[in-house]
Amino acid sequence: THNASPLFRAYSAANGDHYYTTDFSEMMNALDVHGYEYQGPAGHVLSSKRERTSLLYSAYSHSAMDHFYTISQDDMDSAIKDGTYVSDGTAAYVYATSICGSIPFYRLYNPELQDNLYTTNTTERDDAMDNGYTFVEIACYILPDFYVD
């Protein structure tokens, strides 16, 4: 078994923030308490370490009301060190390269909204780039949303 879990995705129009979690109760809290709107699974991620997987670190900025995800310990340390973000720990295990049928998890950033957007959808990526977001990187690779363990 791959121990794959859905990576739930939600958006807060009030905060201009995209939020991702594998924890269903955390997602329900974001919806019920914090006013996020559920957008479905972004894809699937692994809940335990497998060969050639990397940790997906999670952080949150209270001032920007933004969630940040990365597989780079250096990027996470830098975001926390400058005081912008606080660590939320780790979100899941993901792939650093495209293997096992994984797909790119694109990271885009909108400086006006101070929002990191992550998506596997190339149309959404391109639309976001037409609307103030800049392509930053492929943050990692995740399993497609139709993945069945």
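Let me sum up the structure you'll find in this document. Predicted model, so just to flag it, every value in this text is computed and none were measured. (Residues numbered from 1 in each chain as written. Predicted model: local features only at pLDDT ≥ 70, side-chain atom pairs only at ≥ 80, totals over all residues. Heavy atoms only, no water.)

1. Concerning the packing of aromatic side chains
Note the following rule: Note on ring pairs: Phe, Tyr and Trp rings are taken, using the six-membered ring of Trp, and paired if centres are within 6.5 Å. Classes follow the plane angle, with under 30 degrees stacked, over 60 edge-to-face and the rest tilted. By definition, any uninterrupted DSSP run of H or I lasting at least four residues is a helix, any uninterrupted run of E lasting at least two residues is a strand, and each is numbered from the N terminus. For every residue, the accessible area (1.4 Å probe, protein chains only) is compared with the maximum for its type, and the residue is labelled buried under 20%, exposed over 50%, or partly exposed between those bounds.
Within the structure shown, the criterion is met by 10 aromatic pairs. Centre to centre, the rings of Phe8 and Tyr38 are 6.3 Å apart; their planes meet at 55°, and the pair counts as tilted. Here Tyr38 lies in strand E3 (residues 37-46) and Phe8 lies in strand E1 (residues 4-12), a separation of 30 residues in the sequence. Here Phe8 falls in the buried class, since its relative accessible area comes to 12%. The partly exposed category is assigned to Tyr38, whose relative accessible area is 39%. Consider the rings of Tyr20 and Phe105, whose centres lie 5.7 Å apart with planes at 85°: the pair is edge-to-face. Note that Tyr20 is positioned in strand E2 (residues 17-21) and Phe105 in strand E7 (residues 103-110), a separation of 85 residues in sequence.

2. Some details on the environment of Lys49
So the rule is basically this: Under the rule applied, a polar contact is a pair of N or O atoms within 3.5 Å (in protein, one hydrogen donor and one hydrogen acceptor; residues adjacent in sequence only if both atoms are side-chain atoms).
For Lys49, the location among the structural elements is in the loop between E3 and strand E4 (53-61). Here Thr53 takes part through its backbone oxygen, which lies 3.4 Å from a polar atom of the side chain of Lys49.

3. Some points on the pattern of salt bridges
Selection criterion: In what follows, salt bridge is the name for a side-chain nitrogen of Lys or Arg lying within 4 Å of a carboxyl oxygen of Asp or Glu.
Here the structure, examined in full by the defined rule, presents 3 salt bridges. Across the salt bridge formed by Glu124 and Arg9, the nearest N and O atoms sit 2.4 Å from each other. Here Arg9 lies in strand E1 and Glu124 lies in helix H3 (residues 122-129), a separation of 115 residues in the sequence. A residue is classified by how much of its surface remains accessible, and Arg9, at 7% relative accessible area, is buried.

4. So, the nonpolar core
Basically, it comes down to this: Within this scheme, the nonpolar core is defined by two criteria: the residues are buried Ala, Val, Leu, Ile, Met, Phe, Trp, Tyr or Cys, and they are joined through side-chain atoms within 4.5 Å. Should any heavy atoms of two residues lie within 4.5 Å, those residues are counted as being in contact.
Within the largest apolar cluster, 30 residues are counted, with the highest numbers of intra-cluster contacts made by Tyr20, Phe68, Phe105 and Tyr118. For Tyr20, the residues in contact, after removing those within four places along its chain, are Leu7, Phe8, Arg9, Ala42, Tyr69, Phe105, Leu117 and Tyr118. Formed by 6 residues, the second largest nonpolar core is a distinct cluster that contains Ala4, Leu46, Tyr95 and Tyr141.

5. Description of unusual backbone geometry
The phi dihedral of Arg52 is positive, around 70°, even though this residue is not glycine. Mapping Arg52 onto the fold places it in the loop between E3 and E4. Among the residues examined, Arg52 registers a relative accessible area of 56% and is labelled exposed. A positive phi angle, near 55°, is found at Gln114, a position not held by glycine. Mapped onto the fold, Gln114 is located in the loop between E7 and strand E8 (115-119). What makes Gln114 partly exposed here is its relative accessible area of 37%.

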